[in-house]
Amino acid sequence: MSLLTITDPVLLGFAEEVGTAGDVAVEGGRTRWSFGGEASPTARLVAAPTGVVSYQPDEMTVQVRAGTTVADLHAELAKHGQRTALPERGGTVGGALAVGENAAESLGRGPIRNALLQVRYVSAEGELVTGGGPTVKNVTGYNLPKLLVGSLGTLGLMAEVILRTNPTPHTSRWLKAEGVDPFAIYNDLLRPGAIMWDGTTTWVLLEGHGVDVDAEQQLLAPHASFAEVDGPPDLPAHRWSLTPKDLRGANAEVHGSFVATIGTGLLFSTEPAPAQEVAANIVEVSERAKRFFDPTGRLNPGRNPLKARV
Amino acid sequence: MGVFDRVMNAVQSRNPGADIDPLVADLAASLSADRVRTDGASRSLLSHDASVFDGGVAGPVCYPETTAEVQAIMSVAEAHGASVVPRGAGTGLAGGAIPLGKPIVVAVTKMNKVLEIDLDNRVAWVEPGVINLNLTKQLAPLGYHFAPDPSSQQVCTIGGNVANNSGGPHCLAYGVTDAHVVAVEVVVPSGDVLMLGGLEAEPLGYDLRGAFVGSEGTLGIATKVAVRLTKNPPAVRTLLLSFSSVADAANTVSGIIADGMVPAALEVMDQRITQAVENYVHAGYPTDAAAVLLAEVEGLPGGVALDAERIGEIGRANGATEVRAAESDEERALLWKGRKTAFGAIAQVKPDYYLHDTVVPRSKLAEVLEQVYAIADTYDLIVMNVFHAGDGNLHPLLVFDAREDGVLERVHQAGEEIIRASVEAGGVLSGEHGIGVEKQKYMDAMFTDADMEHQNRLRKSFDPACRANPGKVLPSGHSCADIQALRKVPTGVWG
Ligand SMILES: Cc1cc2nc3c(=O)[nH]c(=O)nc-3n(C[C@H](O)[C@H](O)[C@H](O)COP(=O)(O)OP(=O)(O)OC[C@H]3O[C@@H](n4cnc5c(N)ncnc54)[C@H](O)[C@@H]3O)c2cc1C
């Protein structure tokens, strides 16, 4: 038997459950169930296996099955003062990766696509396939993990992943002030964890060594008097994917009530985002990929990552 | 280069006008005659990169200046059933840019403009031929830099960095090239111009940008790149720690990471390379230490001081014999100059070297290094180690004199054992140089046939006809690798 043969009965069981024929849809926490289209009613529902398989804080990597909730994973990592870029808002690891949405604090945590080092997924043929590798640095072969993040389970069903972990900063402090220019603040700070703005109020997350957080708070003083708060504002339901610069034009007329995350371009709004245009030649490559990976269209039928965000 | 090719080249360079190849004529009509070279000297020069590998001989060499010209080259290639090899500065170490068969070489070095620096979006739009360090120099007055800093940054191109997903000493904290590429304009073999990714927060659809970065020129030619700008930190501290064993240095690195710190850089050099470097640049490296660790922390002054202190403590707890902080910018620059010119320093020891590139879990650094020294001993070779220790990225450097009988065989055998030892320790084949033609034959140490077939699906989604840099990355047996039959066994050695 080759070293590469996957022997974990849990993964093999999942592959068997997915099988080689018939439509299947993978169910995570259903927190983003309608994203990219409703699952076809003909699809058999399967759920990815759960559990943290191995966690090596010294390597800053964790091997976890895709059905594990992000909350459970992060609770385990917190014991060693670590976290990942995955958003904490309910749902599973596999679901978060398949949807591919960043955490609202992605300035500090990094985008979710940087978190996935290795992925094991069940292919349309019912086989377990490995993409990427276990180490924090790796350029061996084509980057299947990147292709899988945000793919909505249309190319393969994630069974187990190895994620990059990051040290949780020593100090995290949320501050809030009225009537300041959030863009000027973004320029003044070195590496803020997040800057959010609703058109009048600005929230700033400072992270790092206590001394640095204190120093950056001092730096903010000339802008306005900032008050310490527990956390970010409530985020409206709809995500608008804009450029960082576009956020300068955020306004109630267009975006209703909104919270813009400065520096990233992501805006949360009470209004649904307009449909995004995708170039025809991007659609062509994407559809070709889908045909190669899933010729019969049995994986998560009804979902299409090219469909607008809700 | 075979004898036949040599003769053909000689004939050609004497009679450039005699070339009436219709492919060349079509290319010349699409660009301009002076930017399509067919002379033997150009073709022979572009038949190699910085690796030891020999492929075929370059076909016509094209120097496009615009995306439209790259498109035109692709159309001509398609019409003639020719393949294309994208090429930047040719500093690749895995043979990614060498021609297999007789492809059209598309050298993007004339596409070398920084098109726009967009501070509102914190990106720069650059052409692929922009030299890595030139971009950072241009950004310096604005207080920003391009974070990936390969040791070859004075010459290598951003297009090459994107294609190889290159790293560098400072990628430990900031991430390799992939983390700094926001969007890429690519001409795919069909001639279509695709914009992959985008400046918006979450571009819709599959992450084709992510799939392209690191694809070693096999998905198409990057013609424009939006790279992320990183703010220059106000405080930087560079420490030099000396050790009486390589294991102590390696354990210090694991200790630092385990302590929850991610310094900007953690680079280790063993005694042999340190001595060579010191002779070469006189940077003030201790030549009596068995290993040195170059550690850099950056950020805000308070945290930098704390981290620097903690690194010193961890070093001493692991047996550091000296912990020294660079006192001035000049001293710091000199230490980095030493590290970055390490490969140049080798020439004093032996005329030739072969640089390996594998990754192991950081906790296995000491153990695998010991194996590396033992393997070199077995094959009666000198090995030097200078590497990106912080992310477990080993760079064993086998130095030798190619004139010695049978030495090449030993070099290749030792290399293979080093690669296998790394993978067995839970590592991977390459951390930053890529697979190219160098490591195709080891791909099955990490991937099953099904895994590789899936990688091939990704490849074919961009290039169904296998005309972009065929014969690279995936081993033979997978489509697009078939051209390998044209390849000769590597003979030359990069000196
Ligand atoms: C002394 C020395 C030190 C080095 N140090 C490092 C280091 O610290 N870290 C590191 O990661 N690497 C290092 N390298 C390797 C090399 O410099 C990098 O891989 C570099 O990014 C290659 O850039 P290049 O412009 O030379 O590309 P080339 O060698 O010309 O090409 C490399 C690959 O990219 C493809 N390619 C080039 N341009 C394009 C394009 N526009 N579109 C699509 N594909 C393209 C080619 O087909 C080829 O497969 C070093 C090399 C040397 C010689």
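So, how was this worked out
- Residues numbered from 1 in each chain as written.
- Chains lettered and ligands numbered in written order.
- Predicted model: local features only at pLDDT ≥ 70, side-chain atom pairs only at ≥ 80, totals over all residues.
- Heavy atoms only, no water.
- Helix = DSSP H or I, 4+ residues; strand = E, 2+ residues; numbered from the N terminus.
- Buried < 20%, exposed > 50% of the residue type's maximum accessible area, 1.4 Å probe, protein only.
- Pairing = 2+ DSSP bridges.
- Axes fitted to C-alpha atoms, helices over the stretch in contact; angles between N-to-C directions.
- Contact = heavy atoms within 4.5 Å.
- Parallel < 35°, antiparallel > 145°, perpendicular 65-115°, else oblique.
- Left-handed = near helix turned anticlockwise from the far one by under 90°.
- Nonpolar A, V, L, I, M, F, W, Y, C, P; charged D, E, K, R; others polar.
- Near = heavy atom within 4 Å.
- Polar contact = N/O pair within 3.5 Å; in protein donor to acceptor, adjacent residues only side chain to side chain.
- Areas by Shrake-Rupley, 256 points an atom, 1.4 Å probe, with all protein chains shown as cover.
- Buried area = accessible area lost by both parts, 1.4 Å probe.
- Salt bridge = Lys/Arg side-chain N within 4 Å of Asp/Glu carboxyl O.
- Lys, Arg positive; Asp, Glu negative; His and termini not counted.
- Core = buried A, V, L, I, M, F, W, Y, C linked by side-chain atoms within 4.5 Å.

Would you mind going over unusual backbone geometry with me for this structure?
Only a minority of non-glycine residues have a phi that is not negative, and only a minority of peptide bonds are not trans. The backbone of M60(A) shows a phi angle near 60°, a positive value even though the residue is not glycine. Note on placement: M60(A) falls in the loop between β3 (52-56) and β4 (61-65). Notably, D380(B) is not glycine yet its phi reads approximately 55°, a positive angle. Classification of D380(B) as exposed rests on a relative accessible area of 63%.

What am I meant to see in the sheet that holds strand β13 (residues 227-229) of chain A here?
Hydrogen bonding along the main chain pairs the strands of a sheet, whether they run parallel or antiparallel. Residue and element names in this part refer to chain A. Spatially, β13-β10-β12-β11-β15-β16-β14 is the arrangement adopted by the 7 strands of the open sheet, whose pairing is antiparallel. Lying at the two open borders of the sheet, with one neighbouring strand each, are β13 and β14 (238-241). Strand-to-strand twist of the sheet, defined as the mean angle between neighbouring strand axes without regard to direction, takes the value 25°. Note that strand β15 (residues 258-261) and strand β16 (residues 266-269) share 4 bridges and pair antiparallel. Counted as the bridge partner of F258 is S269 from β16. Against the sheet, helix α7 (residues 210-220) makes contact with β10 (171-178) and β12 (201-208), and its axis sits at roughly 150° relative to β12, the strand it touches most.

Teacher, can you tell me more about the packing of helix α14 (residues 365-378) of chain B against helix α15 (residues 407-424) of chain B here?
If you want to describe how two helices pack, look at the angle between their axes and the distance between the axes. Residues and elements named next belong to chain B. Following both chains from N to C, one finds α14 and α15 inclined at 165°, their axes separated by 10 Å at the closest point. One finds that α14 runs roughly antiparallel with respect to α15. Of the two elements, α14 crosses α15, and the hand of that crossing is right-handed. Packed against α14, whose contacting residues are V368, Q371, V372 and I375, the element α15 presents A414, E417, I418, A421 and S422 at the interface. Across the contact of α14 with α15, the residue classes tally to 6 nonpolar, 2 polar and 1 charged.

Help me out: how do you make sense of the site of the ligand in this one?
Residues and elements named next belong to chain B. Taken together, the neighbourhood of the ligand is formed by 36 residues, with P86, T91, S152, T157 and S166 sitting nearest. G92 has a polar backbone atom sitting 2.7 Å from an oxygen atom of the ligand. One of the backbone nitrogen or oxygen atoms of S151 is found 2.9 Å away from an oxygen atom of the ligand. Coverage of the ligand by the protein chains reaches 96% of its 970 Å² of free accessible surface. Of all the secondary structure elements, the ones that give two or more residues to the shell around the ligand are β3 (84-87), α6 (158-164) and β10 (221-228). The element that contributes the greatest number of residues to the shell around the ligand is α6, accounting for 5 residues. Residues that form the shell around the ligand fall into these classes: 14 nonpolar, 19 polar and 3 charged.

Even after reading the chapter, I still don't get the interface of chain B and chain A, so can you show me in this structure?
Size of an interface: often given as the accessible area lost when the parts come together. Contacts between the two partners involve 88 residues from chain B, matched on the other side by 74 residues from chain A. Of all residues in chain B, E202(B), L204(B) and Y206(B) give up the largest surface area on contact with chain A, accounting jointly for 15% of the area buried on that side. Our enumeration of links across chain B and chain A arrives at 7 salt bridges. Note that K137(A) and E432(B) form a salt bridge whose closest N and O atoms lie 2.9 Å from each other.

Is there a simple way to explain the side chain of E278(B) in this structure?
All names here are of chain B. Position of E278 relative to the elements: it lies in helix α10 (residues 271-281). Buried charge without a salt bridge: E278, with R324 as the nearest opposite-charge side chain at an N-O distance of 7.4 Å. Each residue touching E278, except ones within four places of it in the same chain, is listed here: A283, G284, Y285 and T287.

Can you help me understand the nonpolar core in this one?
Across soluble globular proteins, nonpolar side chains have a tendency to be buried as a group. One finds L86(A), V93(A), L97(A), V161(A), L163(A), L135(B) and F462(B) to be the most contacted residues of the largest nonpolar core, which totals 85 residues. In this structure, V161(A) is in contact with V62(A), Q63(A), V64(A), V93(A), L97(A), L116(A), Q118(A) and V119(A), ignoring residues within four places of it in sequence. One finds I98(B), L172(B), A376(B) and V437(B) within the second-largest nonpolar core, a separate group that totals 52 residues.

So yeah, pure geometry; function would need other evidence.
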